[in-house]
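Architecture and fold: a report
Chain by chain, the residues run as shown.
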Amino acid sequence: MFSLLKLVVWLAGIVVIAYLVLGYFGYEVNMAYFKETKAACQAKLDECKSKLIHNGIDNAKCDFACADPKLIISKK
C-alpha cells in the first residue's frame, strides 16, 4: 500500500516538473484540447461504428487516431 502511494507521489512530481520545464523552454500545454475535440472524436467513432455494422468486421477500415500530439504541446 505504501509503495502505491509512493508511486503516485513520484508520478505527480514528474508531471509537475515536466510542465515547468516545458514552460521554461517555450512550450505550452493545451489543457482544454480533449474537451474541445471530444465531440469530433465521438462523431468519428460513431461513423466507424456504423461502417463496422454495415461492412462487417473484415471489410471495415477505421481511423482511430483522434488526438494529434502536435496540438497538445505546441511552441508559444
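Structure: see above.
In every chain, residue numbers begin from 1 and rise along the written sequence. Local features are withheld for residues below a pLDDT of 70 in this predicted model, meaning they are given only at 70 or higher, and side-chain atom pairs are given and counted only at 80 or more; totals for whole chains, interfaces and linings count all residues. Each side-chain value is worked out from all heavy atoms of the structure, with water and hydrogens disregarded.

1. What about the overall build of the protein?
Threshold: In this description a helix means any DSSP run of H or I spanning at least four residues, a strand means any run of E spanning at least two, and both kinds are numbered starting from the N terminus. Radius of gyration means the value over C-alpha atoms here, while the globule rule gives 2.2 Å times the residue count to the 0.38 power. Classification of residues uses two cut-offs on accessible area relative to the type maximum, computed with a 1.4 Å probe and protein chains only: under 20% is buried, over 50% is exposed, and between them is partly exposed. Only the protein chains shown count as cover for residues, and the accessible areas themselves come from Shrake-Rupley with a 1.4 Å probe. We count Lys and Arg on the positive side and Asp and Glu on the negative side, and we leave His and both chain ends out. Note on charges: their place is set at NZ of Lys, CZ of Arg, CG of Asp or CD of Glu.
From N to C terminus, the protein includes three helices and two strands. When its helices and strands are written in sequence order, the protein yields α-β-α-α-β. Relative to the compact-globule value of 11 Å for 76 residues, the protein shows a C-alpha radius of gyration of 19 Å, a clear excess of over 25%. With the C-alpha coordinates aligned to their principal axes, the bounding extent of the protein is approximately 50 × 40 × 20 Å. Evaluated residue by residue, the protein yields a buried proportion of 9% over its 76 residues. With an accessible surface of roughly 6,800 Å², the protein has 69% of that area assigned to carbon and sulfur atoms. For the protein, the separation between the mean place of its 10 positive charges and that of its 7 negative charges on side chains is 7 Å.

2. As for the packing of aromatic side chains
Cut-off, in case you're wondering: Pairing of aromatic rings covers Phe, Tyr and Trp, the last through its six-membered ring, and needs centres within 6.5 Å; plane angles under 30 degrees mean stacked, over 60 mean edge-to-face, and all others mean tilted. As a reminder, the over-ring test applies to NZ of lysine and CZ of arginine, requiring each to be within 6 Å of the ring centre and within 35 degrees of the ring normal.
One pass over the structure, following the stated rule, counts two aromatic pairs. Taken together, a centroid distance of 5.4 Å and an interplanar angle of 80° make the contact between Tyr-33 and Phe-34 edge-to-face. Residue classification places Tyr-33 among the buried positions, given a relative accessible area of 5%. Lying across the ring of Tyr-27, Lys-75 places its NZ or CZ 4.7 Å from the centre.

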